[in-house]
Structure formats: C-alpha cells, structure tokens
Amino acid sequence: MKRILVTGAAGQIGQDLVPALRERYGSDMVVAAGHRKPLPGSVIRGGPTTAVDVTDYGQIVDTIRKYGIGTIHHLSTILSALAEQERQRGHEVNINGLYNVLEAAHACGVERVVAPSSIAAFGPETPREPTPNDTIQKPNTLYGIAKVFGELLGNYYSTKVGLDVRGLRLPGIVSCMDQEPTAGTTDYAVLIFFGAIREKRYTCFLKPDTRLPMMYMPDAIKAIIDLAEADFARLRHHADFNVAAMSFTPAELAGAIRKRIPEFEMDYEIDPLRQAIADSWPRSLDDSAARREWGWEPGYDMDGMVDDMLDKMRKKLQKAD
Ligand code: AKB
C-alpha cells in the first residue's frame, strides 16, 4: 500500500484526521505535512512529518516522490474570516495551492485526492433550509469562491483527467482543540467551550438566532474516511457532497451548555464581518446524495456532542494548567 499525505496537518481537522488515519492504516503510512503553524506534539510523535508549502508545486512533487504517496488529504486552507482580511494569501493557498496539489498528484501518479469543500461554497441566493446538494451557489466570500473553484476543479479532474478527486462540503466543525481558533466564522461553537469551562461565560460574535449546519469532529473524520474509501463506481458526485449532522444557533448551544453548567452566561458583541458571512450560508443541508452514494450517516446530535466536548475539554484544560 502507498502512503497517505495530509497537508494542513496542523489545522483543526488535520490534528484529528492524522491520528485517525494512523490508527487505521499504520503510523508509518501517514505523512503529516505542515507549513507555517507548528504541528501539534501528538502529530509529531505519532509518525512521519514534513514541511510542505502548497503554494510551491516543486515541494509537493518532491514530497509525493520521497514518501511514495498514493492518497492526498488536502486540508491546507485559509478559513473564511481570515481570507476576507488577507485576500492575497487566501488566493495563494485556497486557489493556487489546490491547483498545485491536483497537478502534482496527476503528474506523479497519485491515485486519489480528498479535498474538503465547505458550506461556504453556497451564497445569499442559495435556498437555505434545507440546502439541496445541487443548487445555486454564487458565494460572496473569497473563501467560498475558492471552494466552488475546488469543487469544479475536482469534478473536472475526476471526469476528464483521470485523477480520482473527492470532496465534501463540511459544515462548522466542533472539536476539542489545543488552542482557540481565530480564522473561521463557525469558531464560536468551539470558543464557547473554552469560555464555559474556564470562566463560565462567553461573548459570542454571531447573533443569538444565527442557525448554521454543524458537525462534531468524530463525524467529520468518519465522513472523510468513508468518502475516501467509497466505491468509485457508485459515485455520481465527486468533489461536492453535502454532509449534515445537526444545525443550531448560538442561543441553542448556550442553552445546552447551561443545562450542564447552570452558571454559564453568554452575551453578544456582533462581528459584522463574520455575521455577514454566516448570514450568506445555509441553515441546514440536504445530504441525501451522500447517504445514497456512499452510505453517509452521522453519529452525534447536539446533546451527544455537548456532553463529549465538555468532558474532553475539561480534561484538556486541566492538563494544560
Ligand atoms: C469557517 O468558518 O470558515 C469554516 C467553514 C464552515 O468552512 N469552519
């Protein structure tokens, strides 16, 4: 079996996907690649690591050849809020980086690239509840435009170039992170747990009734691995699957936390940039194509996620003290 390369391994998903892939395929089989952000200790200790700047085509080719890569999970990305502030970097990583990865993969005979998209691939004209898999997209953020480019490019390589590219439109992901996230629009749903455990309060940057599709990390990892392993012959879509698990508002998430931590308080200081982005995204998703074509099924609802997050975050923050 050829090795798996994970780009963006220091990011929110990479931190959890790398250990999950190593457990499934063997530690030595999964190469974790980071660039600017240091890789977490658990990723460094668990198997091979390397530095890859995805804006540099030559570095990707060298890495594929050096490690004998057969599958790439391309996670390097500049998230929605940060890409609006740093357009040049957003363009280089989200557009040029993906193109480089696909071209390098094709040139080096890589079998498969999994490149997640996002709910950001939809925009203000998209039907919002539930958003169909195939519908009007027209996003109005640079990150979203790059995600649509990635979906179209992935479908093009799959159907015209002969490189198997797969992707799913991930909702906001909730996970037990080492550090507070800053670059995304859905980050409040992670930051709220840091606040709830440390100070029993949190100031939210989205309005209380902003409903967004969300998913707990174990489901996101399952979705990525299940899609990567799905039978190609059954796929009608390739790089553009909706995947849903739950949808909630900040007020509903705060309510669920308050049931477990009665003293928890939340107030609001709205960030107009992130609120405008959230208001252009779906409120819920129709994921019947993913269910039909590769058997997608989520395992966590909001209550299950909140119980597990509080438990894991408590342990993580206690250890850090
Ligand atoms: C973000 O908020 O930018 C991401 C996403 C939904 O793609 N979490």
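As the structure is a computational prediction, the values presented were derived from the model and not from experiment.

(A) Up close: the packing of helix α1 (residues 12–25) against helix α8 (residues 217–229). One way to put it is that α1 packs onto α8 with a least axis distance of 10 Å and a crossing angle of 55 degrees. Taken together, the axis directions place α1 and α8 in an arrangement best described as oblique. Crossing of α1 over α8 shows right-handed handedness. For the pair α1 and α8, the contacting residues are Q12, I13, D16, L17, A20, L21, R24 and Y25 in the first and M217, I221, I224, I225 and E229 in the second. Partitioned by chemical class, the residues of the contact of α1 with α8 number nine nonpolar, one polar and three charged.

(B) Representation of unusual backbone geometry within the structure. With an omega dihedral of -10 degrees, the bond running from E129 to P130 counts as a cis peptide bond. Take P130: it is sitting in the loop between β6 (117–118) and α6 (142–161). Although it is not a glycine, K138 adopts a positive phi angle of roughly 40 degrees. When you line up the elements, K138 lands in the loop between β6 and α6.

(C) Spotlight on the site of the ligand. Around the ligand sit L79, S80, S118, I119, Y143, G184, T185, T186 and W281, and that is every residue in its neighbourhood. A distance of 2.7 Å separates an oxygen atom of the ligand from a polar atom in the side chain of Y143. Measuring from a nitrogen atom of the ligand, one finds a side-chain N or O atom of T186 at 2.9 Å. When the free accessible area of the ligand is taken as 260 Å², the share hidden by the protein chains comes to 94%. Grouping the constituent residues of the shell around the ligand by class yields four nonpolar, five polar and no charged.

The rules behind these values
Residues numbered from 1 in each chain as written. Predicted model: local features only at pLDDT ≥ 70, side-chain atom pairs only at ≥ 80, totals over all residues. Heavy atoms only, no water. Axes fitted to C-alpha atoms, helices over the stretch in contact; angles between N-to-C directions. Helix = DSSP H or I, 4+ residues; strand = E, 2+ residues; numbered from the N terminus. Parallel < 35°, antiparallel > 145°, perpendicular 65-115°, else oblique. Left-handed = near helix turned anticlockwise from the far one by under 90°. Contact = heavy atoms within 4.5 Å. Nonpolar A, V, L, I, M, F, W, Y, C, P; charged D, E, K, R; others polar. Near = heavy atom within 4 Å. Polar contact = N/O pair within 3.5 Å; in protein donor to acceptor, adjacent residues only side chain to side chain. Areas by Shrake-Rupley, 256 points an atom, 1.4 Å probe, with all protein chains shown as cover.

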